[in-house]
Amino acid sequence: MKRMLVVLFAVAFSVIACDENNGVGSNGGGGDVYVYMTDFQSAALGAFAVGDSSVEIIPLNELHTDATIRTTDDRVFVLERLGKDAVIVLDPASPTTPVANYSVGNGLNPQDMVFVSDRAYVLRHNAPNILVVNPTTGDSLASVDLSSVADADGIPEMVDGLLVGNTLYVVCQLLDQTQWFSPTGPGKVVALDVTTNAITEIFDLTISNPEAITERNGRLYVSGGSWYDLTSNGIDVVDVPQSQVTRLVEGSALSGRPGTIVTVGSTNDAWVVVSQTWPNGAVYQIDLATGAIVDSLAGLGSPAQIVKSGEALVVSDRGEATSGIYVFDVTTGDALQSRITTPLPPDALAAFGTN
């Protein structure tokens, strides 16, 4: 993948006007949404608040073309994946000058950061262990070995994490890196006690190549599956107290592979991004009790990610004719404003208070 062309930012500023009330750094938790944009040849980072009509570009030199975003109450973290293998730390009050930029291990491909008090657990796709760091400085604090969970190549392929109380749940894909990262079987969820860093339980999923995890009422919901086999696709429900895993939704019912999943308020519903026959996709509302499709969002072409910001559901869409940011009511699915265009196809999203 190529690195971003520096001239991108001059172009981006001329394409997108900046609202005077744009939320960049407005209050460190006041509903700002950050968006990572890429066409895999160049990349950009931007921010906006729900209700804005444009995205404000944050000029960061040579931003990697494969990255994702996480936030805490007062920091934004850009995880640059394979090829950069680094974390950029930003202060939302002054995002143009990074607070820090540190490596998480050459070639180890960071996928997620989960924040626990004054430390962060970095999940790396090409490492057998979790790296525990000071999130602001990158100083290494500990390492948690998950090689016992791995398949024959010795790597569990950690992809997503979720903190519930004192337990960190880590989603492991179990892929064969010698065979183009093909699944070697169903994935796993590893439960880790963050007070001791000890593994307390391992849940065997029914889906292969899992991607995302969320929680509702003591149950975990894990989405994903093979890109080529709908029988391995779907959403698993992990009943933690019962140590039981069952398939909640089949990939065939969604006509594709489910990805990012976001729960809705105090209801039993969740929104999930589904990748269908390329380049098509959808965002469905799922009843977590029955697995039934309740609703879908209108006007989308190729949705990539979703995130909650207050009572809004924000969607990034990478479709050729539909590219941009969409904002819906998180409960009803009604559109709240017109599409926000972006200079590059939007991909990863992060909002304060949701990561």
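Definitions and limits used
- Residues numbered from 1 in each chain as written.
- Predicted model: local features only at pLDDT ≥ 70, side-chain atom pairs only at ≥ 80, totals over all residues.
- Heavy atoms only, no water.
- Helix = DSSP H or I, 4+ residues; strand = E, 2+ residues; numbered from the N terminus.
- Areas by Shrake-Rupley, 256 points an atom, 1.4 Å probe, with all protein chains shown as cover.
- Lys, Arg positive; Asp, Glu negative; His and termini not counted.
- Charge placed at Lys NZ, Arg CZ, Asp CG, Glu CD.
- Core = buried A, V, L, I, M, F, W, Y, C linked by side-chain atoms within 4.5 Å.
- Buried < 20%, exposed > 50% of the residue type's maximum accessible area, 1.4 Å probe, protein only.
- Contact = heavy atoms within 4.5 Å.
- Pairing = 2+ DSSP bridges.
- Axes fitted to C-alpha atoms, helices over the stretch in contact; angles between N-to-C directions.
- pLDDT = per-residue confidence, 0-100.
- Salt bridge = Lys/Arg side-chain N within 4 Å of Asp/Glu carboxyl O.

(A) Fine view of the overall build of the protein. If you tally the helices and strands in the protein, you get two helices and 29 strands. Taken over the C-alpha atoms alone, the protein extends approximately 55 × 45 × 35 Å along its principal axes. Here the protein displays about 14300 Å² of accessible surface, and carbon together with sulfur accounts for 48% of that area. If the 16 positive side-chain charges of the protein are averaged to one point and the 40 negative ones to another, these points end up 3 Å apart.

(B) Region of the structure containing the nonpolar core. Formed by 17 residues in total, the largest nonpolar core has its most connected members in Tyr34, Tyr36, Leu45, Leu63, Ile69, Val78 and Leu90. Those elements giving two or more residues to this core turn out to be strand S1 (32–38), strand S2 (43–49), strand S4 (67–71), strand S5 (76–80), strand S6 (86–90) and strand S29 (346–351). With three residues, the single largest contributor to this core is S2. Beyond its immediate sequence surroundings of up to four residues, valine 78 is in contact with Leu45, Leu63, Ala67, Thr68, Ala86, Val87, Ile88 and Leu90. Grouped together as the second largest cluster of nonpolar side chains are 16 residues, Met158, Leu168, Cys172 and Val190 included.

(C) Layout of the pairing of strand S28 (residues 324–329). Extensive coverage of S28 is indicated by the burial of five of its six residues. Relative to S28, strand S27 (residues 312–317) runs antiparallel, the two being bridged by six bridges. In the strand pairing of S28, serine 316 is matched with isoleucine 325. The loop that links S27 with its antiparallel partner S28 comprises six residues.

(D) Just the sheet that holds S27, in detail. In space, the three strands of this open sheet follow the order S26-S27-S28, with antiparallel pairing throughout. The open sheet has two free edges, formed respectively by strand S26 (303–309) and S28, since each of these has just one partner strand. Recorded for the sheet is a direction-independent mean angle of 25° between the axes of neighbouring strands. Pairing between S26 and S27: six bridges, direction antiparallel. Note that in S27 the partner of isoleucine 306 across the bridge is valine 315.

(E) How the structure looks around the sheet that holds strand S16 (residues 186–193). As summarised here, the arrangement of the four strands in space is S12-S13-S16-S17, forming an open sheet in which the pairing is antiparallel. Each edge of the open sheet is held by one strand with a lone partner, namely strand S12 (158–164) and strand S17 (198–208). Strand-to-strand twist of the sheet, defined as the mean angle between neighbouring strand axes without regard to direction, takes the value 20°. The sheet contact formed by strand S13 (residues 167–172) and S16 spans six bridges and is antiparallel. From the neighbouring strand, leucine 168 faces S16, where its bridge partner is leucine 192.

(F) Examining the confidence of the model for the protein more closely. Per-residue confidence for the protein gives a mean pLDDT of 90; residues scoring 70 or more make up 90%. Low pLDDT, under 50, characterises residues 1–31; the predicted model gives this stretch 74 contacts beyond four residues in sequence or across chains.

(G) Representation of the pattern of salt bridges in the model. Within the structure shown, the criterion is met by nine salt bridges. For arginine 257, the salt bridge goes to glutamate 211, with nearest N and O atoms at 2.4 Å. Placement of the pair is arginine 257 in strand S22 (residues 257–263) and glutamate 211 in strand S18 (residues 210–216), with a sequence separation of 46 residues. By relative accessible area, which is 4% here, arginine 257 ends up buried. Where aspartate 347 meets arginine 318, a salt bridge forms, and the shortest distance between an N and an O atom there is 4.0 Å. You can see aspartate 347 sitting in strand S29 and its partner arginine 318 sitting in the loop between S27 and S28, a full 29 residues away along the chain. Owing to a relative accessible area of 23%, arginine 318 belongs among the partly exposed residues under this scheme. Bridged by salt links that share partners, the residues Asp236, Arg247 and Glu250 form one connected network.

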